[in-house]
Amino acid sequence: MLQRFDYVIVGAGSSGCVLANRLSKDPGTTVCLIEAGPRDSSPLIHVPAGVIGMVPFKNRLNWAFETVPQAGLNGRRGYQPRGRTLGGSSSINAMIYIRGHASDYDDWAAAGNPGWGYADVLPYFKRSENQERGADAFHGAGGELNVADAPSPARPSFAFIESARAAGLPENPDFNGAEQEGAGLYQTNQRKGRRCSSAAAFLRPAEARPNLTILTGCQATRVLLESGVATGVEFDNRGRRESVTATREVILAAGAFGSPQILMLSGVGPADELRRHSIPILHELPGVGANLVDHIDLALLYRSRSSELFGLTPGAILRGAKGLWDLQRHGTGMLTTNYAEAGAFLRTDPRLSRPDIQLHFVNGIVDNHARTMHYTYGMSCHVCVLRPKSFGTLRLNSANPLDAPSIDPAFLAHDDDVATLLAGVKAARAIMEGDPLARYRDEELYTAAARSDDALVQAIRNRADTLYHPVSTCRMGVDEMAVVDPALRVRGIERLRVADAAVMPTLIGGNTHAPAVMIAEKAAELILAR
Ligand SMILES: Cc1cc2nc3c(=O)[nH]c(=O)nc-3n(C[C@H](O)[C@H](O)[C@H](O)COP(=O)(O)OP(=O)(O)OC[C@H]3O[C@@H](n4cnc5c(N)ncnc54)[C@H](O)[C@@H]3O)c2cc1C
């Protein structure tokens, strides 16, 4: 195998696959992409409904991390699934295509990151996109990442939208268009009813290029540094330590947990943390692993007698067989569902300038990340705080690179997050208890008796957890705690960048896959313009 490359990219997730595609476009440039997980050959990845077979438990495609006990969650440990295969988390996620609010990016620019305002990043969102509805001022057509309307949305998803309208929310046909607020169906990253992960979108068309080497089953253990310059990457290849050389740059795209972990293992990070694990300090950078922020979420769960919803029932399993036929023949049917087909963005206070709560209506019971089974039909409404004020840390459990990192999102440490979630849960309940959903609604599970604010806050602390959007552990910026500069270069180290969800200056108000793709799209341009 070639040992020297122009670029070495660590992590083949939402961002890494984009980088691999863009940087290897020039046949004269050699690129190595290193991924800890296996190839993405499992049908569970490609059949959208298969997500249920990957997320709830640890398996070869899911790191299935746990957080440290969370005081704000009454001492519970949170669950943190992350994709571990080509495509990364975009191979196990719910496929929802959301960019966040335009003002999120203007906030990034205002925080000292020129070139990252909404008008600056919109062209990069559009460049990657193939919007099946066609191009317009907000959308691109002809890009690799397919954005589709749900092929076969279930009727309860429309009932949710109707109920949200009855509760006063406008209907919104495009959350990524002029307005984010309102209720509607989510568009997803699917093509012909199959998941369009970052690997399907960006790696498949590039993987035959002779100048692109993709290493799977290889976990990066550190970046090789010589006098403040990144020269390569060391990795574990099935128990053997190997390395590759990067003659131009190393780019970390191992995600919000992986990228800061690798930096610290390489001797770049907060001095006290490196000392604690006897890692030689090559460059002190206090912000590495700081500022961890994630969407905290509570799901309201309802049993149902309606077979229009999903459930672990003999009837639903039989219909699954027909779903397979529909999928194979037409790219439609129940197996194309991402479960969270509809949703809403709302303001808990009319004086707010933008939504502070997002809802995901799920046409099944998602209890404890689908780890607690219910042998009945049902539905859920996930309620998440879009811009939490609680910040935690990503640290090391040990100096062993194969150990999981120590994850502390400090969920609900800030009282404002509790208050916002409480207001959001009340708004969501008003929608879920509306007439249009009456025929689907049976008993509310767990929280039915929680009618006072105090009781609801207890329910929140007993049951809330992540909506799977950890970011900002290698925050971009210009202050002391920034890890990368606005060109995504690690501050104080040459020829080393981070380009994934870890660099977000703040958590955007929405799902985080599309922004991770955008970040990589812009990173590739910055790298090539060097
Ligand atoms: C269950 C779930 C549902 C979600 N649903 C949605 C959704 O519907 N819509 C949405 O927009 N977002 C969703 N997200 C979030 C979104 O998928 C992530 O924010 C996004 O994929 C992050 O991209 P990334 O490139 O930063 O990291 P990832 O996509 O996680 O990629 C990191 C990659 O690096 C690899 N890696 C890590 N460490 C190493 C190492 N040491 N060596 C080599 N490789 C390494 C990992 O295996 C992985 O492949 C969801 C996430 C999850 C987990």
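Refer to the preceding data block for the structure.
What counts, and at which threshold
- Residues numbered from 1 in each chain as written.
- Predicted model: local features only at pLDDT ≥ 70, side-chain atom pairs only at ≥ 80, totals over all residues.
- Helix = DSSP H or I, 4+ residues; strand = E, 2+ residues; numbered from the N terminus.
- Buried ≥ 20, exposed ≤ 12 C-beta atoms within 10 Å, placed from the backbone.
- Contact = placed C-beta atoms within 7 Å.
- Arc of directions from axis to C-beta.
- Near = placed C-beta within 6 Å.
- Nonpolar A, V, L, I, M, F, W, Y, C, P; charged D, E, K, R; others polar.
- Pairing = 2+ DSSP bridges.
- Axes fitted to C-alpha atoms, helices over the stretch in contact; angles between N-to-C directions.
- Parallel < 35°, antiparallel > 145°, perpendicular 65-115°, else oblique.
- Core = buried A, V, L, I, M, F, W, Y, C linked by C-beta atoms within 7 Å.
- Domains from an automatic or database assignment.
- Left-handed = near helix turned anticlockwise from the far one by under 90°.

Asker: In this structure, what is going on with the overall build of the protein? I would like to understand it.
Answerer: Assigned secondary structure in the protein consists of twelve helices and 24 strands. Principal-axis analysis of the C-alpha atoms gives the protein an extent of 65 × 50 × 45 Å. Considering the protein as a whole, with its 530 residues, one finds that 57% of them fall into the buried category. For the protein, contacts bridging at least 24 residues in sequence account for 70% of all contacts bridging at least 6.

Asker: What is the right way to look at helix H3 (residues 102-110) in this model?
Answerer: Structural remark: α-helix, 3.6 residues per turn; residues separated by three or four positions point the same way. Taken together, the buried positions of H3 are occupied by Ala102, Asp104, Tyr105 and Trp108. Down the axis of H3, the buried set is contained in an arc of 165°. They therefore lie on one face. Looking at the buried residues of H3, the elements they touch are helix H4 (118-128). At the exit of H3 stands Gly112, carrying a positive phi of roughly 105°.

Asker: Could you clarify how one ought to interpret the site of the ligand in this entry?
Answerer: Around the ligand, the surrounding shell holds 42 residues, and the nearest of these are Gly11, Gly13, Gly88, Gly258 and Asn511. Secondary-structure elements contributing two or more residues to the shell around the ligand are helix H1 (14-23), strand E11 (218-226), helix H7 (255-265) and helix H12 (513-528). Grouping the amino acids of the shell around the ligand by side-chain chemistry returns 20 nonpolar, 18 polar and four charged.

Asker: Mind showing me how you'd approach the pairing of strand E17 (residues 342-346) here?
Answerer: If a strand is regular, its side chains alternate between the two faces of the sheet. Buried residues dominate E17, accounting for five of its five residues. Burial along E17 is two-sided: the residues Ala342, Ala344 and Leu346 and Gly343 and Phe345 are all buried. In terms of strand pairing, strand E7 (residues 182-185) meets E17 through four bridges, oriented antiparallel. Bridged to Gly182 within E17 is Phe345. One ladder, built from five bridges, connects E17 with strand E18 (residues 357-362); its direction is antiparallel. Looking at the pairing, Gly343 lines up with His360 of E18.

Asker: Would you mind going over unusual backbone geometry with me for this structure?
Answerer: A negative phi angle is the norm for most residues apart from glycine, just as the trans form is the norm for most peptide bonds. For Ala370, which is not a glycine, the phi torsion comes out positive at approximately 65°. Within the element layout of this structure, Ala370 appears in the loop between E18 and strand E19 (377-385). Of note in this structure, Ala410 is not a glycine but carries a positive phi near 50°. Assignment of secondary structure puts Ala410 in the loop between strand E21 (406-408) and helix H10 (415-432).

Asker: Explain the pairing of E18 to me, please; I cannot follow it from the model alone.
Answerer: Burial analysis of E18 places six of its six residues in the buried class, which makes it a mostly covered element. Side-chain alternation along E18 places Ile357, Leu359 and Phe361 on one buried face and Gln358, His360 and Val362 on a second face that is also buried. Across six bridges, E18 lies against E19 in antiparallel orientation. Within the sheet, the bridge partner assigned to Val362 lies in E19 and is Ser380.

Asker: I tried to follow the packing of H10 against helix H11 (residues 453-463) on my own but got confused; where do I start?
Answerer: Helix-helix packing is characterised by the crossing angle of the two axes and by the distance between the axes. With their axes 10 Å apart at the nearest point, H10 and H11 run at an angle of 105° to one another. Here H11 runs roughly perpendicular to H10, going by the angle between their axes. In this structure, H10 contributes Val418, Leu421, Leu422 and Val425 to the contact, and H11 contributes Asp453, Leu456, Val457 and Ile460. Looking at the contact of H10 with H11 residue by residue, the class counts come to seven nonpolar, no polar and one charged.

Asker: I keep staring at the environment of Ala404 and nothing clicks. Help me out?
Answerer: Inspection of the secondary structure assignment puts Ala404 in the loop between strand E20 (393-395) and E21. The class for Ala404 is partly exposed, based on 16 C-beta atoms found within 10 Å. Taking the C-alpha atoms as reference points, Ala404 and Arg354, separated by 50 residues in sequence, lie 36 Å from one another. Excluding anything up to four places from it in sequence, Ala404 contacts Phe65 and Asn397.

Asker: What exactly am I supposed to notice about the nonpolar core here?
Answerer: Soluble globular proteins: nonpolar side chains tend toward being buried together. Val8, Ile9, Leu19 and Ala20 are the most contacted members of the largest nonpolar core, which has 162 residues in total. Viewed by domain, this core spans two of them, domain 1 (4-42 + 199-292 + 471-528) and domain 2 (151-185 + 296-385 + 413-463), each represented by three or more residues. With residues near it in sequence (within four places) discarded, Ile9 still touches Gly16, Leu19, Ala20, Val31, Leu33, Ile34, Ile251 and Ala253.

Asker: Can you help me understand H7 in this one?
Answerer: With eleven of eleven residues buried, H7 is to be regarded as a mostly interior element. Looking only at H7, the buried set comprises Gly255, Ala256, Phe257, Gly258, Ser259, Pro260, Gln261, Ile262, Leu263, Met264 and Leu265. Residue Gly267 follows H7 closely and has a positive phi angle near 90°.

Asker: Just checking my understanding: could you explain the environment of Glu308 for this structure?
Answerer: With respect to the helices, strands and loops of the structure, Glu308 is situated in the loop between strand E16 (296-304) and helix H9 (314-330). For Glu308, the contacting residues outside a window of four places in its chain are Ala154, Arg155 and Pro156.

Asker: So what exactly am I meant to see when it comes to the packing of H1 against H12 here?
Answerer: Taken N-terminus to C-terminus, the directions of H1 and H12 make an angle of 30°; their axes are 8 Å apart at the nearest point. Relative to H12, the element H1 is oriented roughly parallel. Considering only the axes of H1 and H12, their crossing is right-handed. Taken together, the residues of H12 that come into contact with H1 (itself represented by Ser14, Ser15, Val18, Leu19, Arg22 and Leu23) are His513, Ala516, Val517, Ile519, Ala520, Glu521, Ala523, Ala524 and Ile527. Here the residues of the contact of H1 with H12 are counted per class, giving ten nonpolar, three polar and two charged.

Asker: Sorry if this is basic, but what is going on with the environment of Thr372 here?
Answerer: Checked against the element boundaries, Thr372 lands in the loop between E18 and E19. Judged by the 12 C-beta atoms lying within 10 Å of it, Thr372 falls in the exposed class. Residues Thr372 and Pro56 lie 316 residues apart in sequence; the distance between their C-alpha atoms is 9.0 Å.

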